[in-house]
Amino acid sequence: MGIDYADISQTYDEHRSFSKHLVDKVAEFGGIQEGMKALDVGCGTGNLASQLLDMMNLDMIGVDISLSMLEVARGKSLEVICTDAANNRLPFCDSCFDIITATYVIHQISNLELLFSECYRVLRDGALVLLTSSHEQIENEHPVFKRFFPGAIDVDKARFPDIPVICEMLVTAGFHDIRQESVLGASILIDDEYLQKVKGKYVSTYRLLPQREFERGVAELETYIKNLSQPESTVWRGTLIYGRKKG
Ligand SMILES: C[S@@+](CC[C@H](N)C(=O)[O-])C[C@H]1O[C@@H](n2cnc3c(N)ncnc32)[C@H](O)[C@@H]1O
């Protein structure tokens, strides 16, 4: 089922911003450097792209299927193009980028073979960097899902391709020097503010749960938070994957 980003776009940045640590980590892992020609696939509101541009001078463009997400990105003066990367070739010539990023996107792309071969085509001597979640991380590193929304684990394991599968697809597309690294995605403070974010279904997984299951989880989470003597903190981790063309 596709996710409707029309209303998510209004609060996306508030709820899903990238920490400085994560942006630095993506830049370091991908070897992103001043002056590179960069493409962010599934750029959404330009969360990552705008922070990378704050850090260094890049010739950056983003593509995304959602007009409402792109409208927010345009508001940050990002250059963006609307395209469905699951069903179309990327609207760029061969060998024109030094770096491509795609963060929290590949689980929404039905035809990853096409996307990866297109990324390979439009890269020069450069790298593709993905940020996603492994099946182990989905099962073990999201304590709120595990405890209050156990059905969410199956939802995400069904839609997130597991890391070995992704790596194999990258090799098939022509990439080499494949690397992966677990990374701190976000620190989560389980408090009233967090509860409001969950109620607003700030992560698309919540939108894919049956409504009754979602409401039951919210009620249990609410009671849990009410009974906490102080807000509890936890972390959520993701996986960075790197593949290189040439080099
Ligand atoms: C969870 S958001 C991630 C946005 C951004 N990369 C970030 O890290 O904040 C997923 C994004 O993928 C985009 N997307 C989903 N399917 C797509 C497709 N077929 N082609 C291009 N973008 C797509 C959505 O519109 C959405 O903006």
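Right above here is the structure, for reference.
Before going into details, it helps to say that this report is about the structure given with it. (Residues numbered from 1 in each chain as written. Predicted model: local features only at pLDDT ≥ 70, side-chain atom pairs only at ≥ 80, totals over all residues. Heavy atoms only, no water.)

1. Comments concerning the environment of Asp125
So, step 1. Residue placement: Asp125 occurs in strand 5 (residues 123-132).
So, step 2. Counting along the chain gives 47 residues from Asp125 to Leu78, while the straight-line C-alpha distance between them is 24 Å.
So, step 3. In this structure the side chain of Asp125 is engaged in a polar contact, spanning 2.9 Å, whose partner is the side chain of Arg244. (Helix = DSSP H or I, 4+ residues; strand = E, 2+ residues; numbered from the N terminus. Polar contact = N/O pair within 3.5 Å; in protein donor to acceptor, adjacent residues only side chain to side chain.)

2. Focus on empty space enclosed by the protein
So, step 1. Tallied over the entire structure, the rule returns 1 cavity of 30 Å³ or more.
So, step 2. Of the pockets and cavities examined, the largest cavity occupies roughly 40 Å³.
So, step 3. Surrounding the largest cavity, Ile8, Thr11, Tyr12, His15, Arg16, Gly200, Lys201, Tyr202 and Arg207 form its lining.
So, step 4. Tallying contributions element by element places helix 1 (residues 5-15) first for the lining of the largest cavity, with 4 residues.
So, step 5. In the lining of the largest cavity, the residues fall into 3 nonpolar, 3 polar and 3 charged. (1 Å grid on protein atoms, 1.4 Å probe; cavity = no way out; pocket = protein on both sides within 12 Å on 5 of 7 lines; lining within 4 Å. Points joined across faces, edges and corners; volume = space filled by probe spheres on them. Nonpolar A, V, L, I, M, F, W, Y, C, P; charged D, E, K, R; others polar.)

3. A short note on the packing of helix 5 (residues 112-122) against helix 9 (residues 163-173)
So, step 1. The geometry of helix 5 relative to helix 9 is characterised by a closest axis approach of 9 Å and an angle of 50 degrees between their N-to-C directions. Our classification of the angle between helix 5 and helix 9 gives oblique. As helix 5 packs across helix 9, the resulting crossing turns out to be right-handed. Counted together, Leu112, Glu113, Phe116, Ser117 and Tyr120 of helix 5 and Ile166, Met169, Leu170 and Ala173 of helix 9 form the full contact between these two elements. (Axes fitted to C-alpha atoms, helices over the stretch in contact; angles between N-to-C directions. Parallel < 35°, antiparallel > 145°, perpendicular 65-115°, else oblique. Left-handed = near helix turned anticlockwise from the far one by under 90°. Contact = heavy atoms within 4.5 Å.)

4. What about the site of the ligand?
So, step 1. Taken together, 21 residues sit near the ligand, with Gly42, Asp64, Asp84, Ala85 and Thr103 positioned nearest.
So, step 2. Asn47 places a side-chain nitrogen or oxygen 3.4 Å from an oxygen atom of the ligand.
So, step 3. Separating an oxygen atom of the ligand from a side-chain N or O atom of Thr103 is a distance of 2.7 Å.
So, step 4. Relative to its unbound accessible surface of 600 Å², the ligand loses 96% to contact with the protein.
So, step 5. Considered class by class, the residues forming the shell around the ligand number 11 nonpolar, 7 polar and 3 charged. (Near = heavy atom within 4 Å. Areas by Shrake-Rupley, 256 points an atom, 1.4 Å probe, with all protein chains shown as cover.)

5. Some thoughts on the packing of aromatic side chains
So, step 1. Under the counting rule described, the total for this entry stands at 12 aromatic pairs.
So, step 2. Where Tyr194 meets Tyr202, the ring centres are 6.1 Å apart and the plane angle is 75 degrees; that geometry is what we call edge-to-face.
So, step 3. Taken together, Phe145, Phe149, Tyr194, Tyr202, Tyr206 and Phe214 form an aromatic cluster joined through their ring pairs. (Phe/Tyr/Trp six-rings, centres within 6.5 Å; stacked < 30°, edge-to-face > 60°.)

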